[in-house]
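Chain residues, written in single-letter form:
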Amino acid sequence: ENRQPPEAKKFDFMVVSNRLPVDRCSSDDAENDDDGWRRSPGGLVTALAPLMMKADGAWVGWHGAPDEELEPFSHDGIDIIPVALSTNDVELYYEGFSNATLWPLYHDVVAPPEFHRAWWDSYRRVNRRFADAVIEHAAPDATIWVQDYQLQLVPNMLRQSRPDLRIGFFNHIPFPAPEIFAQLPWRRAIIEGLLGADLIGFQRPSDAANFMRSARRFVGASIKQQQIQVKGPEGEVSHVARAQAFPISIAVDQISELAHRPDIIERARQIRQDLGNPKTILLGVDRLDYTKGIGHRLKAFEELLKEGRLTVEDATLIQVASPSRERVQQYRLLREEIEGTVGHINGSYDTIQNTAVRYLHHNYPIEEMVALYLAADVMLVTALRDGMNLVAKEYVAARTNDTGALVLSEFTGAADQLKQALLINPHDIDGLKGTIMRAVHLPANESRRRMRSMRKEILEHDVDHWSAGFLAALAEGELGDDS
Ligand code: G6P
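Quantities reported herein were computed from a predicted structural model and do not represent experimental measurements.

Draft legend 1. Structural detail: the sheet that holds strand S1 (residues 11-19). Pairing in this open sheet of 10 strands is mixed, and the strands run S5-S6-S4-S1-S7-S8-S9-S12-S11-S10 from one edge to the other. With one partner strand each, in any of the chains shown, strand S5 (73-75) and strand S10 (222-224) form the two edges of the open sheet. Looking at each pair of strands side by side, their axes are set apart by 25° on average, direction ignored. One ladder, built from five bridges, connects S1 with strand S4 (residues 57-62); its direction is parallel. Each residue of the ladder has a partner; that of valine 15, found in S4, is tryptophan 59. Against the sheet, helix H4 (residues 154-161) touches S1, strand S7 (138-147) and strand S8 (166-170), its axis set at about 175° to S8. Here helix H17 (residues 463-476) sits on the sheet and contacts S7, S8, strand S9 (199-202) and strand S12 (237-245); the angle it forms with S8, its principal contact strand, is near 145°.

Here you go:
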């Protein structure tokens, strides 16, 4: 029954994201469900899967490979509507406009964004293709939830052809101040695209505020509280869009359960032992991305070794850097830079027995990640700019016995909620070094007090709370709690 012709099925609830919530897996894969797909790890899928099953929902997105048209199918109870991208689309829309224009621009230009008209044309074309897939499959009055910066034009494309739909959008990354957003040659079209939604969600109140300032400045929208009056061609108010913060979170129960599993606890012990049982294990876990401040972290760690405040006998830094966007130039340069730095540090400070930085350019399953969280005394999150940073929340969720220390950049969305973390400015290397040393020597009672309060915060605000909150606000058309 999962090979119906596309026109046969209409859906009341659709999620739209650049990436589908499934990955291809090979036939000899243990987790393989026999149809060649497996559900992707990650909070968004975990949160939405039950809703999808209950509400007769479908997920629209790209499966991650170029030049391949797939028919709709269903996997693990979720209907999947694939959108194809050609090699050219991947280059111009995904690697180009999404990840070499919007990504650096929205992260406060920590790398220089590139502006190319051919990339913009492709972004528009591909957004149109996603919108058309929704239009074809949406039941009358359906609820559509569009995700992230790759698809900002989709809300208004939907509204123009299907005013019956209820349209939500959530931006997972920061939204920059208008002074920075102003650089974008297509700033007006992006704002108009987003304003097609009934509800536009952001990670932090400041992202929502930045968006509203841009809406006022670049399309002359009038705004009362969080209500943005969107004007039609004759200047009449055509509809009201709302912008509001809904900080995303993780599947806290899932992580806590893994953290209690005997085999994972044993694996954590094994990791420590394999490293020679150092007094302190520090851990960094990031996509290999220039927004994550990995270089700043390594610099601080190296200086601490140089000054003898840490030694390789006593401390090891595990840096997991998962491969990301490897065909984009800035990411290639970053990889060379980080690997050069790691080689330099290890060459200078390693002994036959001990290594300073254990650098792992891999993806690991969630079980291994939780074992690493359990093995780590100090978690280092030093992002220069980050919409949320779920790694910080995962570390806290895994520390079920209230030990460990989280060093957290104040430039992450997570810093708004994890106020008991040891907050740092990653640009201030001396401050970062001081805080790392403070984390290494944090008294047990202080660590317990901080961790307990952070755990309470994320237990009350897990990813189900996030999706339920967003969808309730979208359904009601009322302002929710923005605190
Ligand atoms: C960030 C973005 C997501 C994106 C993810 C991985 O978290 O907000 O939209 O999917 O990075 O990046 P990728 O380019 O591999 O999808």
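Still more ground to cover, so stick around.
Draft legend 2. Local environment of the pairing of strand S13 (residues 280-287). Of all eight residues that make up S13, six are buried, and the element is covered over most of its length. Across eight bridges, S13 lies against strand S14 (residues 315-322) in parallel orientation. Within S14, the residue paired with valine 285 across the bridge is valine 320. Handedness of the β-α-β unit built from S13, helix H10 (residues 294-306) and S14 comes out right-handed. Two elements, S13 and strand S16 (residues 378-381), share two bridges in a ladder whose sense is parallel. Each residue of the ladder has a partner; that of leucine 282, found in S16, is valine 378.

Draft legend 3. Fine view of unusual backbone geometry. Despite not being glycine, aspartate 56 shows a phi value in the positive range, around 55°. Examined against the element boundaries, aspartate 56 turns out to sit in the loop between helix H1 (43-54) and S4. Positive phi values are uncommon outside glycine, yet aspartate 67 reaches one of about 55°. Within the fold, aspartate 67 resides in the loop between S4 and S5.

Draft legend 4. Focus on the environment of glycine 196. Its place among the elements puts glycine 196 in the loop between helix H6 (187-194) and S9. Look at glycine 196 and you get buried, because 25 C-beta atoms sit within 10 Å. Placed 135 residues apart in sequence, glycine 196 and tyrosine 331 show a C-alpha to C-alpha distance of 33 Å. Leave out the neighbours within four places in its chain, and glycine 196 touches Pro155, Asn156, Leu158, Arg159 and Ile167.

Draft legend 5. Structural detail: the packing of H10 against helix H15 (residues 429-440). Put simply, H10 and H15 touch, their axes get as near as 9 Å, and they point 65° apart. Between H10 and H15, the angle is such that the two are roughly perpendicular. The interaxial crossing formed by H10 with H15 has right-handed handedness. Where H10 abuts H15, its residues His296, Lys299, Ala300, Glu303 and Leu304 lie against Ile429, Leu432, Lys433 and Ile436. By residue class, the composition of the contact of H10 with H15 is five nonpolar, one polar and three charged.

Draft legend 6. Structural context of the sheet that holds S16. The strand order across the open sheet formed by six strands is S15-S14-S13-S16-S17-S18, and the pairing between neighbours is parallel. Looking along the sheet, the strands with just one partner apiece sit at the ends: strand S15 (357-360) and strand S18 (422-424). Each neighbouring strand pair of the sheet contributes to a mean axis angle of 20°, computed without reference to strand direction. With three bridges connecting them, strand S17 (residues 405-409) and S18 associate as parallel partners. Bridge pairing links serine 409 to isoleucine 424 in S18.

So, how was this worked out
Residues numbered from 1 in each chain as written. Predicted model: local features only at pLDDT ≥ 70, side-chain atom pairs only at ≥ 80, totals over all residues. Pairing = 2+ DSSP bridges. Helix = DSSP H or I, 4+ residues; strand = E, 2+ residues; numbered from the N terminus. Axes fitted to C-alpha atoms, helices over the stretch in contact; angles between N-to-C directions. Contact = placed C-beta atoms within 7 Å. Buried ≥ 20, exposed ≤ 12 C-beta atoms within 10 Å, placed from the backbone. Right-handed = clockwise from strand over helix to strand, strands pointing away. Parallel < 35°, antiparallel > 145°, perpendicular 65-115°, else oblique. Left-handed = near helix turned anticlockwise from the far one by under 90°. Nonpolar A, V, L, I, M, F, W, Y, C, P; charged D, E, K, R; others polar.

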